[in-house]
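Summary of the model geometry
One-letter residues, chain by chain:
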Amino acid sequence: MRLHHLFPAVALGLLSACASAPVQFYTLAPVAGPVATPPRNAAVVYVPRVVMPDYLDTQDILVRDDSRLLRSSNGRWASRLSQSATNLIVARLSQDWPQAMVTAYAPVETPDSRLSITMERLDMTSDGKAVVLASWTRLPRDETRPVRQGRSMESVQGSVATDQEKAALLRQLFEKLADRIAAESAG
């Protein structure tokens, strides 16, 4: 009779031992720093959501191993990768262009310019290299002003042993891209 009562406890113990680690959520939040308030009549730069390949625009944290994409077993982005990348790039552009109000939210009035960014290639490999090939267009509201366009391939190297390190590597990559965009499409 005693074995009969012991069986449910053993089964429950085995099941709990097989349970996976809880899911952890990551953001690409910029490194905390002083937030500058743009001047009252600052030019508004609207940055719609970054465009990237559909298979990457998920909440899965992915690493490329040759032609395979390896998904993290318990790490996820807190939002779709395109939204996190857009928020980080907007935050970085706000630092690089303190005289402008850079926003990812469509303003009520027509913005002074619209900055569209397309990531044509985005890879983070199992050996710790992250690469982005991106193009961008900054369209001014004033049609007499020039359209600014650019294209760049940026890369960074680092550890991808943990999901936290993967998030830090992509943060560094997107900040580098934002700095390039800021330098080449200012004005």
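Heads up: these notes are all about the structure in this document. Quick caveat: nothing in here was measured; it's all calculated off a predicted structure.

In spatial order, the strands read E5-E2-E6-E7-E8; together these five strands make up an open sheet with mixed pairing. At either end of the open sheet lies a strand with only one pairing partner, and these are strand E5 (100–103) and strand E8 (148–157). Geometrically, the sheet is characterised by an average inter-axis angle of 25° between neighbouring strands, direction not taken into account. Judged from the 10 bridges that link them, strand E7 (residues 129–140) and E8 form a sheet pairing that is antiparallel. When the sheet's bridge partners are listed, valine 131 is paired in E8 with serine 155. Along the sheet, helix H2 (residues 81–96) contacts E5 and strand E6 (113–124); its crossing angle with E6, the most-contacted strand, is approximately 125°.

Overall, the coordinates contain 13 salt bridges when judged by the stated rule. The salt bridge involving arginine 71 is made with aspartate 60; its shortest N-O contact spans 3.1 Å. Here arginine 71 is found in strand E4 (residues 68–77), whereas its partner aspartate 60 is found in strand E3 (residues 60–65), with 11 residues between them in sequence. Owing to a relative accessible area of 52%, arginine 71 belongs among the exposed residues under this scheme. Across the pair arginine 92 and aspartate 179 runs a salt bridge whose closest N-O atoms are separated by 2.8 Å. Linking arginine 92 in helix H2 with aspartate 179 in helix H3 (residues 163–184), this pair joins segments that are 87 residues apart in sequence.

Once that is clear, we can look at the sheet that holds strand E1 (residues 24–26). Judged by pairing direction, the sheet is mixed, and its three strands sit side by side in the order E1-E4-E3 without closing on themselves. The sheet is open, and its two edges are formed by E1 and E3, each paired on a single side. Put simply, the sheet's adjacent strands are angled 55° from each other on average, direction ignored. Inspection of the sheet shows E3 paired to E4 by five bridges, in the antiparallel sense. Bridge assignment links aspartate 60 to a residue of E4, and that residue is arginine 76. Where H3 meets the sheet, it contacts E1, E3 and E4, and its direction lies at approximately 105° from that of E4.

Let us look at the environment of arginine 138. Relative to the helices and strands, arginine 138 resides in strand E7. A polar contact is formed between the side chain of arginine 138 and the backbone oxygen of serine 185, at a distance of 2.7 Å.

Within this structure, the stated rule accounts for zero aromatic pairs. One residue, arginine 138, lies across the ring of tryptophan 97, its end atom 4.6 Å from the ring centre.

Before going further, it helps to spend a moment on H2. Under the 1.5 Å per step criterion, the end-to-end length of H2 is 22 Å for 16 residues, consistent within 8% with the ideal 22 Å. In this structure, the buried side of H2 is in contact with E4, E5, E6 and H3.

What counts and how
- Residues numbered from 1 in each chain as written.
- Predicted model: local features only at pLDDT ≥ 70, side-chain atom pairs only at ≥ 80, totals over all residues.
- Heavy atoms only, no water.
- Pairing = 2+ DSSP bridges.
- Helix = DSSP H or I, 4+ residues; strand = E, 2+ residues; numbered from the N terminus.
- Axes fitted to C-alpha atoms, helices over the stretch in contact; angles between N-to-C directions.
- Contact = heavy atoms within 4.5 Å.
- Salt bridge = Lys/Arg side-chain N within 4 Å of Asp/Glu carboxyl O.
- Buried < 20%, exposed > 50% of the residue type's maximum accessible area, 1.4 Å probe, protein only.
- Polar contact = N/O pair within 3.5 Å; in protein donor to acceptor, adjacent residues only side chain to side chain.
- Phe/Tyr/Trp six-rings, centres within 6.5 Å; stacked < 30°, edge-to-face > 60°.
- Lys NZ or Arg CZ within 6 Å of the ring centre and 35° of its normal.
- Expected span 1.5 Å × (residues − 1).

Take it as geometry only, folks, not as evidence of what the structure does.
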